[in-house]
Amino acid sequence: MEERREAILQQVHQKGKVNVADLSKEFGCSLVTIRKDIQALHDAGLVKRIHGGAVRNHREDLVKYDSESIFRDVEKKEKIANLAYEYLEDEDIIIIDDASSSFYLALVILDHPEKRLTVITNSIPVANELTRADHVELFMIGGLVQKNKGTQISATMGETALNNISQFHVNKAFIGVHSINFKVGLISVGSPQMLVKKEIMKVSEKVFVLANSTKFGGSYLSVICPTQDVYKIITDDEISPENLALAKETNCPLVVAH
């Protein structure tokens, strides 16, 4: 049993994802036995159990990043990222920005080789993770690197980045925001980030905003656009009834990940 579980763990690390049915055939044991193996590895924090199999547990890998935002509201961001992935189609060309929620979408893409994608990003952690994905053709947006400052993820910004983004045309974009005010729109943390997001929106057919339930409400300074200007805003199921009502009242294209 220990040898089989070690072999399963090795496959998860090598492939990123394993399937219960395939493992059952390979090891000549029942589906129930493989599910118990995966559950045991999940409970030990060595893999992450998913429907029909298991994927890498990225929690241990994240220690190489020192951005506080990556470690905040992880479960919410994982829910949002999993739902965002469902909107992707094989051979899509997409942009992922430098938001921490976007980073978790990159981790989902890494674990799902069944969809071949072209990914463009200005996020250094996103690019770092997706260099390991054989099913992803990766483009890094050039520009001045804004280094990590405690909460922000290292990313390229500035005029060079904006000019670089303008050369692309993509099916879908996935961006994060500082906050969402239903009366005003999507709020950015500052001007450099806002300009990048606006340029991404110009070159994208559909824009998805990844925003966990803590992002709604509050004051505003740098407004990116009204909520109606994007295709979908994906949040988690801890959003308040009051914010759900406001979203409906303002015709906000909100979808909730459970």
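Up top you'll find the structure we're talking about.
Residues numbered from 1 in each chain as written. Predicted model: local features only at pLDDT ≥ 70, side-chain atom pairs only at ≥ 80, totals over all residues. Heavy atoms only, no water.

Draft legend 1. A look at the pattern of salt bridges. Summed over the entire model, instances satisfying the criterion amount to 14 salt bridges. For aspartate 237, the salt bridge is made with lysine 79, and the minimal N-O distance between the two is 2.9 Å. Of this pair, aspartate 237 sits in the loop between strand E14 (232–236) and helix H9 (241–249) while lysine 79 sits in helix H4 (residues 74–86), and the two are 158 residues apart along the sequence. Where glutamate 129 meets arginine 132, a salt bridge forms, and the shortest distance between an N and an O atom there is 2.5 Å. Taking relative accessible area as the criterion, glutamate 129 reaches 1% and is therefore assigned buried. Through salt bridges with shared partners, one network takes in Arg4, Arg5 and Asp37. (Salt bridge = Lys/Arg side-chain N within 4 Å of Asp/Glu carboxyl O. Helix = DSSP H or I, 4+ residues; strand = E, 2+ residues; numbered from the N terminus. Buried < 20%, exposed > 50% of the residue type's maximum accessible area, 1.4 Å probe, protein only.)

Draft legend 2. Quick peek at the packing of aromatic side chains. Counted according to the given criterion, the structure contains 6 aromatic pairs. Geometrically, the ring pair formed by phenylalanine 139 and phenylalanine 168 is edge-to-face, given 5.8 Å between the ring centres and 70° between the ring planes. Taken together, the residues span a long stretch of sequence, with phenylalanine 139 in strand E6 (residues 136–140) and phenylalanine 168 in the loop between helix H7 (158–165) and strand E9 (170–175) at a distance of 29 residues. Measuring from centroid to centroid gives 5.3 Å for phenylalanine 208 and tyrosine 231, while their planes differ by 70°, and the two rings are edge-to-face. On the criterion of sequence distance, the pair formed by phenylalanine 208 in strand E12 (residues 204–210) and tyrosine 231 in the loop between strand E13 (222–225) and E14 is long-range, its members being 23 residues apart. Through a chain of ring-to-ring contacts, the aromatic side chains of Tyr87, Phe174, Phe208 and Tyr231 assemble into a single cluster. Here the guanidinium or amino end of lysine 206 rests over the ring plane of tyrosine 231, the centre of that ring lying 4.5 Å away. Sitting above the plane of the tyrosine 231 ring, lysine 232 keeps its charged end 5.3 Å from the centroid. (Phe/Tyr/Trp six-rings, centres within 6.5 Å; stacked < 30°, edge-to-face > 60°. Lys NZ or Arg CZ within 6 Å of the ring centre and 35° of its normal.)

Draft legend 3. Examining the sheet that holds E12 more closely. Reading across the sheet, the 7 strands line up as E6-E5-E4-E9-E12-E14-E15 and stay open at both edges, with parallel pairing between neighbours. Since the sheet does not close on itself, it has two edges, and those belong to E6 and strand E15 (254–257), each with one partner. Here the average twist between neighbouring strands, direction ignored, is 25°. In this sheet, E15 lies alongside E14 in parallel orientation, the contact comprising 4 bridges. For isoleucine 233, the partnering residue across the bridge sits in E15 and is leucine 254. (Pairing = 2+ DSSP bridges. Axes fitted to C-alpha atoms, helices over the stretch in contact; angles between N-to-C directions.)

Draft legend 4. Seen up close, helix H5 (residues 100–111). When the terminal C-alpha atoms of H5 are compared, their 17 Å separation across 12 residues agrees well with the 16 Å that a helix rising 1.5 Å per residue should span. For H5, the tally of buried residues reaches 12 of 12 residues, placing the bulk of the element in the interior. Three or more residues of H5 are buried, namely Ser100, Ser101, Ser102, Phe103, Tyr104, Leu105, Ala106, Leu107, Val108, Ile109, Leu110 and Asp111. (Expected span 1.5 Å × (residues − 1).)

Draft legend 5. Representation of the environment of alanine 257. Here alanine 257 shows up in strand E15. Judged by its relative accessible area of 3%, alanine 257 is buried.

Draft legend 6. Looking closely at the nonpolar core. Core analysis: the largest hydrophobic core is formed by 32 residues, its most contacted members being Ile95, Leu186, Val209, Val230 and Ile233. When residues of this core are traced back to their parent elements, those giving at least two are strand E8 (155–157), H7, E9, helix H8 (191–202), E12 and E13. Apart from residues lying up to four places away in sequence, isoleucine 233 is in contact with Ile180, Leu186, Val209, Phe216, Thr227, Cys252, Pro253, Leu254 and Val255. By size, the runner-up hydrophobic cluster in this structure holds 31 residues, among which are Leu105, Leu107, Leu117 and Val126. (Core = buried A, V, L, I, M, F, W, Y, C linked by side-chain atoms within 4.5 Å. Contact = heavy atoms within 4.5 Å.)

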